[in-house]
Amino acid sequence: MTGTPGGTRPPVLPTLLGLGPRAERRRRALPAGILRLPTIGVDIGGTKVVAGVVDGEGKVLEKLRTDTPDKSKSPKVVEDVIVELVLQLADRHDVHAVGIGAAGWVDADRSRVLFAPHLNWRNEPLQQALSERLRFPVIVENDANAAAWAEWRFGAGRGEDHMVMLTLGTGIGGAVVRDGYVDRGKYGLAGEFGHMQVLPGGHRCPCGNRGCWEQYSSGNALVRDARELAAEESPVVQPLLARAGGTADGITGPLVTEAARDGDPTAIELLYEVGTWLGVGIANLAAALDPGRFVIGGGVSESGDLLLGPARDTFRRTLTGRGFRPEATIVHAALGNEAGLVGAADLARQVARRFRTIKRRRVERTAL
Ligand SMILES: [Zn+2]
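Residues numbered from 1 in each chain as written. Predicted model: local features only at pLDDT ≥ 70, side-chain atom pairs only at ≥ 80, totals over all residues.

Along the chain, the regular secondary structure elements total 12 helices and 13 strands. Split into buried and exposed, the 368 residues of the chain put 45% on the buried side. Across the chain, contacts joining residues at least 24 apart in sequence account for 66% of those joining residues at least 6 apart. (Helix = DSSP H or I, 4+ residues; strand = E, 2+ residues; numbered from the N terminus. Buried ≥ 20, exposed ≤ 12 C-beta atoms within 10 Å, placed from the backbone. Contact = placed C-beta atoms within 7 Å.)

All right, on to the pairing of strand 1 (residues 39–44) then. Every other side chain in a regular strand lies on the same face of the sheet, so the side chains alternate between the two faces. Burial within strand 1 is extensive, with 6 of its 6 residues counted as buried. Neither face of strand 1 is open: one carries T39, G41 and D43, the other I40, V42 and I44, and all of them are buried. Here 6 bridges tie strand 1 to strand 2 (residues 48–54), and the two strands are oriented antiparallel to one another. Residue pairing for strand 2: D43 is matched across the bridge by V50. (Pairing = 2+ DSSP bridges.)

Among all positions of helix 5 (residues 126–133), only L126, Q127, A129 and L130 are buried. Seen end-on, helix 5 carries its buried residues on one side only, within an arc spanning 165°. On its buried face, helix 5 is in contact with helix 4 (75–92), strand 4 (98–102), strand 6 (113–115), strand 7 (122–124) and strand 8 (138–142). (Arc of directions from axis to C-beta.)

Here the focus is the packing of helix 9 (residues 253–261) against helix 10 (residues 265–289). Remark: helix 9 packs on helix 10, axes separated minimally by 7 Å, with the N-to-C direction vectors making an angle of 115°. The chirality of how helix 9 crosses helix 10 is left-handed. Only A267, I268, L270 and L271 of helix 10 make contact with helix 9, whose side of the interface consists of V256, A259 and A260. Within the contact of helix 9 with helix 10, the residues separate by chemical class into 7 nonpolar, no polar and no charged. (Axes fitted to C-alpha atoms, helices over the stretch in contact; angles between N-to-C directions. Left-handed = near helix turned anticlockwise from the far one by under 90°. Nonpolar A, V, L, I, M, F, W, Y, C, P; charged D, E, K, R; others polar.)

So, on to the packing of helix 10 against helix 11 (residues 305–318). Interhelical geometry of helix 10 versus helix 11 gives an angle of 40° and a closest axis separation of 7 Å. Considering the angle they form, helix 10 stands oblique to helix 11. In this structure, helix 10 meets helix 11 at a crossing whose hand is right-handed. Counting all contacts with helix 10, which are made through I268, L271, Y272, V274, G275, T276, L278, G279, V280, I282 and A283, the residues of helix 11 involved are L306, L307, L308, G309, P310, A311, R312, D313, T314, F315 and T318. Looking at the contact of helix 10 with helix 11 residue by residue, the classes come out as 14 nonpolar, 6 polar and 2 charged. (Parallel < 35°, antiparallel > 145°, perpendicular 65-115°, else oblique.)

Right, let's get into unusual backbone geometry. One non-glycine residue, D179, lies in positive phi territory at about 50°. Structurally, the position occupied by D179 is in the loop between strand 10 (172–178) and strand 11 (181–182). Phi is positive for E233, which is not a glycine, with a value near 55°. As for its placement among the helices and strands, E233 is situated in the loop between helix 7 (219–231) and helix 8 (238–243).

On to the environment of I40. Within the secondary structure layout, I40 lies in strand 1. According to the C-beta neighbour criterion, I40 is buried, with 30 such atoms within 10 Å. Through-space distance from the C-alpha of I40 to that of G99 is 6.3 Å; in sequence the pair is 59 residues apart. Excluding its chain neighbours within four sequence positions, the residues that come into contact with I40 are A51, G52, V53, V86, L89, V95, V98 and A345.

As a further point, take the nonpolar core. Judged by nonpolar contacts, the single largest core of 98 residues is most densely connected at V42, I100, L240 and V256. Among the elements that make up this core, the one with the highest residue count is helix 10 (10 residues). Shared between two domains, this core takes at least three residues from each, and those domains are domain 1 (14–149 + 338–367) and domain 2 (160–333). (Core = buried A, V, L, I, M, F, W, Y, C linked by C-beta atoms within 7 Å. Domains from an automatic or database assignment.)

With 14 residues, helix 11 ought to run about 20 Å at 1.5 Å a step, and its terminal C-alpha atoms sit 19 Å apart, in line with that. For helix 11, every residue scored as buried is listed here: L306, L307, L308, P310, A311, R312, T314 and F315. (Expected span 1.5 Å × (residues − 1).)

Next up on the list: the sheet that holds strand 3 (residues 60–67). The sheet built from 5 strands is open, its strands ordered 3-2-1-4-8 with mixed pairing. Looking along the sheet, the strands with just one partner apiece sit at the ends: strand 3 and strand 8. In this sheet, neighbouring strand axes are inclined to one another by 15° on average, regardless of whether the strands run parallel or antiparallel. Taken together, the 5 bridges between strand 1 and strand 4 define a ladder with parallel strand orientation. Its bridge partner being in strand 4, D43 is matched across the sheet by G101. Across the face of the sheet, helix 6 (residues 143–154) comes into contact with strand 1, strand 4 and strand 8 while running at roughly 95° to strand 8.

With that settled, consider the sheet that holds strand 13 (residues 329–332). Spatial strand order, 11-10-9-12-13: 5 strands in an open sheet with mixed pairing. Of all strands in the sheet, those with a lone pairing partner are strand 11 and strand 13, marking the two edges. Sheet analysis places strand 10 next to strand 11, joined by 2 bridges and oriented antiparallel. Each residue of the ladder has a partner; that of V177, found in strand 11, is V182. The strands touched by helix 11 within the sheet are strand 12 (293–297) and strand 13, with strand 13 carrying the most contacts at an inclination of about 170°.

By themselves, these observations are geometric and do not establish any function.
Right under this line is the structure:
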């Protein structure tokens, strides 16, 4: 028996099996040719579907994007969009697997989307549906898990064996990468940190509860607070309002960030509040999980230290056992809004490896 990497034993999938710290060593031991296989990652967000071809170094070779179909559309319409993008890319690149990163709850087998807030997916067997229509192996992953995986493999989480990623967008996406695998929890739903309650009786959250962390530390929280100030016609918010064309509705997250960078004291304070709440939640997560590094991504994190400065200060002031324990670092994500796509593609690469190996073994068996 020759030609199978690792001899008669098929190479195991360290990150899928959760074999721990040996995972990365095993990964390096695999033939470089396999690790370089290009794959496709698809990031399905609330407004855009982005698909890209990603090489073994995490580099995006080509990218296509289109609008996310309206929530009222059937699952088949969303599948059509994904299939169309994948086939276009596959025409121009020699790809070997497809990874889907979806904003939603993905089951532990990574095949069904249990619920997606932006799409008409309810217990949707997405992996099976796409596998039947595409000639590639397909995996489905939660978008925050995919982004965390990308940061761990190629970005700000490299070299850290216990990392937590937080993505601050409309809400808070969260994921844990531990010993070279994504910790998905028993049912695939770990990492929903945004819905930890930080203020009983606080702001209402779309999840149905009140006082969820993401109601205080997210892009939506930032914009809500800014618009509230504007609606009260506070004089301190006038420069911000002027940037927004004079209307509260014109205030957006990027606009507040831009104003803060230009020194607008109100914008700086708004980011300070969001950063302070970020630090409170991170201290809670450190108490529960004790990671070595927190990687902060998402649109709001573009404000850099205007957000992370207050987060670090509050974290240090709030952390349980402070002064008597090593403290996690809090760093800015490195891959920007491509993280979900790159991570989904890289997770799919592992399936591509298995797929190819099994196929080859079948061919060999037939030859005997
Ligand atoms: Zn909530």
